[in-house]
Amino acid sequence: MANTGPESDVRPAAPGDPGGRLRRPGGGAGQDGEELTFEQAEKELAEIVERLERGDAGLDEAIRLWERGEELYRFCRERLDAAHGRIEELARKVQG
């Protein structure tokens, strides 16, 4: 089965890459190898959810989509948690 869905567009960062970053394939400069942004991850996750809800993926592809969705969810959650912590830190500085 050809892998043409959004899960084929982005791969996890190399082991030991700080910050739980996701990267596009390639690893070089330019679009390939660039870190995935929160907004890109969120968009890809929404596309995966929509595709799974439509039920148009075969079993193996649905499993790959689900795994990629979990990965994207964790990435987005980590980014949101980090942003929340930073905002709290800035608020404490303003108050103190």
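Numbering of residues starts from 1 in every chain and runs along the sequence as written. Residue-level local features of this predicted model are given only where pLDDT is at least 70; pairs of side-chain atoms are given and counted only at 80 or more, and the full residue set underlies all totals for whole chains, interfaces and linings. Where side-chain values are given, they derive from all heavy atoms of the structure, hydrogens and water being excluded.

Mind laying out the pattern of salt bridges, listing which residues take part and the relevant values?
Working definition: two side chains of opposite charge can pair if their charged atoms are close together. What counts as a salt bridge is simple: a side-chain nitrogen of Lys or Arg found within 4 Å of a carboxyl oxygen of Asp or Glu. Summed over all chains, the structure comprises ten salt bridges. A salt bridge links R68 to E71; the shortest N-O distance between them is 2.3 Å. A residue pair is termed a helical-turn pair when its members lie 3 or 4 positions apart in one helix, as R68 and E71 do in helix α2 (residues 59-95) at three residues. Across the salt bridge formed by E89 and R86, the nearest N and O atoms sit 3.0 Å from each other. Here E89 pairs with R86, and both are found in helix α2, just three residues apart, close to one helical turn. Secondary structure follows DSSP: runs of H or I at least 4 residues long count as helices, runs of E at least 2 residues long count as strands, and numbering of each begins at the N terminus.

Talk me through the confidence of the model for the protein; I want residue IDs and the actual numbers.
In low-pLDDT segments, the atomic positions of the prediction should not be examined closely. Across the chain, each position has a pLDDT score giving the predictor's confidence in that residue, from 0 to 100. Put simply, the protein has an average pLDDT of 78, and 67% of its residues get 70 or more. Taken as a whole, residues 1-19 scores under 50 in pLDDT and shows 41 contacts with residues more than four places along the chain or in a different chain. Whether two residues are in contact is decided by their heavy atoms: any pair within 4.5 Å suffices. Note that pLDDT drops below 50 for residues 25-30; the model gives that stretch ten contacts with residues more than four away or on any other chain.

Run through helix α1 (residues 38-54), naming residues and quoting values.
An α-helical turn contains 3.6 residues, so a residue and the one three or four places further along point in the same direction. For α1, with 17 residues, the first-to-last C-alpha span of 24 Å sits near the 24 Å given by 1.5 Å per residue. Among the residues making up α1, those that are buried are F38, A41, E44, L45, I48 and R51. The buried residues of α1 occupy one face: seen down the axis, they fall within an arc of 155°. Turned more than 90 degrees away from the buried face of α1, the exposed residues are E39, K43 and E53. Phi turns positive, to about 75°, at G55, one or two residues after α1. Given the number of residues in a helix, its expected span is that number minus one, multiplied by 1.5 Å. Remark: exposure states derive from per-residue accessible area (1.4 Å probe, protein chains only) relative to the maximum for the residue type, with buried under 20%, exposed over 50%, and partly exposed in between. Here the arc refers to the set of directions running from the helix axis out to each C-beta atom.

Describe the nonpolar core, listing the residues and the values that go with them.
Residues belong to a common nonpolar core when they are buried Ala, Val, Leu, Ile, Met, Phe, Trp, Tyr or Cys residues joined through side-chain atoms within 4.5 Å. Core analysis: the largest hydrophobic core is formed by eleven residues, namely L22, L36, F38, A41, L45, I48, A57, L65, L72, F75 and C76. The set of elements that each furnish at least two residues to this core consists of α1 and α2. Ignoring any residue separated from it by four or fewer positions in sequence, one finds L72 in contact with L22, L36, A41, E44, L45 and I48.

Describe the side chain of R51, and please don't skip the residues or the numbers.
Residue position: R51 is located in helix α1. The exposure class assigned to R51 is buried, which follows from its relative accessible area of 14%. For R51, the side chain forms a polar contact with the side chain of E61, separated by 2.7 Å. Under the rule applied, a polar contact is a pair of N or O atoms within 3.5 Å (in protein, one hydrogen donor and one hydrogen acceptor; residues adjacent in sequence only if both atoms are side-chain atoms).

Give me the lowdown on the packing of α1 against α2, citing residues and values where you can.
Contact geometry of α1 with α2 gives a least axis separation of 9 Å together with a crossing angle of 145°. You can see that α1 and α2 cross each other, and the crossing is left-handed. Contact residues: F38, A41, E42, E44, L45, I48, R51 and L52 in α1; E61, A62, L65, W66, R68, G69, L72, Y73, F75, C76, R79 and L80 in α2. Just so you know the grouping, Ala, Val, Leu, Ile, Met, Phe, Trp, Tyr, Cys and Pro go in nonpolar, Asp, Glu, Lys and Arg go in charged, and all remaining residues, Gly too, go in polar. Considering only residue class, the contact of α1 with α2 consists of 13 nonpolar, one polar and six charged. Note on definitions: angles span 0 to 180 degrees between N-to-C directions of axes, and those axes are lines fitted to C-alpha atoms, for helices only across the stretch in contact. When the near helix sits turned anticlockwise from the far one by under a right angle, the crossing is termed left-handed; a clockwise turn instead gives a right-handed crossing.

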